[in-house]
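What follows is the residue order along each chain.
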Amino acid sequence: MQGGRAKPSAENAVSFGFDELLYEILKEGLFWAALGRPSEVMPFLRGKLLSNGIGVESGRREYLEYLLDDLERFYKRVSWSDEIDERHWRALKSFHRDIVSVVSSERA
């Protein structure tokens, strides 16, 4: 191909899109938590991640459910704080990494 970038494969585009979208949703949840509404995005996340058959095999679904429960508890702790600080961002990135790991290992 001349003068341009190579077209990404559909698989990479889906993975990249999911990864990016998930992080944006997790950030949205963090902001809602800071506003005192810690469970605002959880029904959406649970519905999208658990109803699509992700993690059905090898206990992945149970681990994903555990991560989502832990994320909800995290958002509740954030709602009790006065502000979002660096430790909250680090925790959010950790949740993101763990969820992507579970979902991407299921797709592999």
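Quick caveat: nothing in here was measured; it's all calculated off a predicted structure. (Residues numbered from 1 in each chain as written. Predicted model: local features only at pLDDT ≥ 70, side-chain atom pairs only at ≥ 80, totals over all residues. Heavy atoms only, no water.)

Trainee: Please set out the pattern of salt bridges residue by residue, giving values where relevant.
Mentor: Applying the stated criterion across every chain, the model contains seven salt bridges. E24 is the salt-bridge partner of K27, the closest N and O atoms lying 3.3 Å from each other. Here the residue K27 and the residue E24 both occupy positions in helix 1 (residues 10-34), the gap between them amounting to three residues, near one helical turn. In this structure, R46 engages E72 in a salt bridge whose closest nitrogen and oxygen atoms are separated by 3.0 Å. Taken together, the positions of R46 in helix 2 (residues 42-50) and E72 in helix 3 (residues 60-80) put the pair 26 residues apart, joining distant regions of the chain. (Salt bridge = Lys/Arg side-chain N within 4 Å of Asp/Glu carboxyl O. Helix = DSSP H or I, 4+ residues; strand = E, 2+ residues; numbered from the N terminus.)

Trainee: A description of the side chain of H96 should follow, citing residues and the corresponding values.
Mentor: Within the fold, H96 resides in helix 4 (residues 86-107). In this structure H96 touches D19, L22, Y23 and L26, once residues within four positions along its chain are discounted. (Contact = heavy atoms within 4.5 Å.)

Trainee: Tell me about the confidence of the model for the protein chain, residues and numbers included.
Mentor: Looking at the protein chain as a whole, its pLDDT mean stands at 82, while 76% of the residues score no less than 70. Within the protein chain, the lowest mean pLDDT, 80, falls on helix 1, and the highest, 94, falls on helix 3. The model gives residues 5-14 a pLDDT under 50, and that stretch makes two contacts with residues more than four places away or in other chains. (pLDDT = per-residue confidence, 0-100.)

Trainee: An account of the nonpolar core is requested, with residue identities and associated values reported.
Mentor: Residues L45, L49, L68, L71, F74, Y75 and I99 are the most contacted members of the largest nonpolar core, which totals 25 residues. Every residue in contact with Y75, bar those within four places of it in the chain, is listed here: I25, L26, G29, L30, A33, P38, V41, M42 and L92. (Core = buried A, V, L, I, M, F, W, Y, C linked by side-chain atoms within 4.5 Å. Buried < 20%, exposed > 50% of the residue type's maximum accessible area, 1.4 Å probe, protein only.)

Trainee: Let's hear about the packing of aromatic side chains: which residues, and what values?
Mentor: Under the definition given, this model contains four aromatic pairs. Ring geometry for F74 and Y75: centres 5.8 Å apart, planes at 40 degrees, overall tilted. Both residues of the pair, F74 and Y75, count as buried. Ring-pair connections join several aromatic residues into one group, and the members of that group are F74, Y75 and F95. (Phe/Tyr/Trp six-rings, centres within 6.5 Å; stacked < 30°, edge-to-face > 60°.)

Trainee: Break down the environment of R73 for me, with residues and values.
Mentor: Summarising the element assignment, R73 is placed in helix 3. By relative accessible area, R73 is classed as partly exposed at 40%. Between the C-alpha atom of R73 and that of P38, which follows or precedes it by 35 residues, the distance is 8.5 Å.

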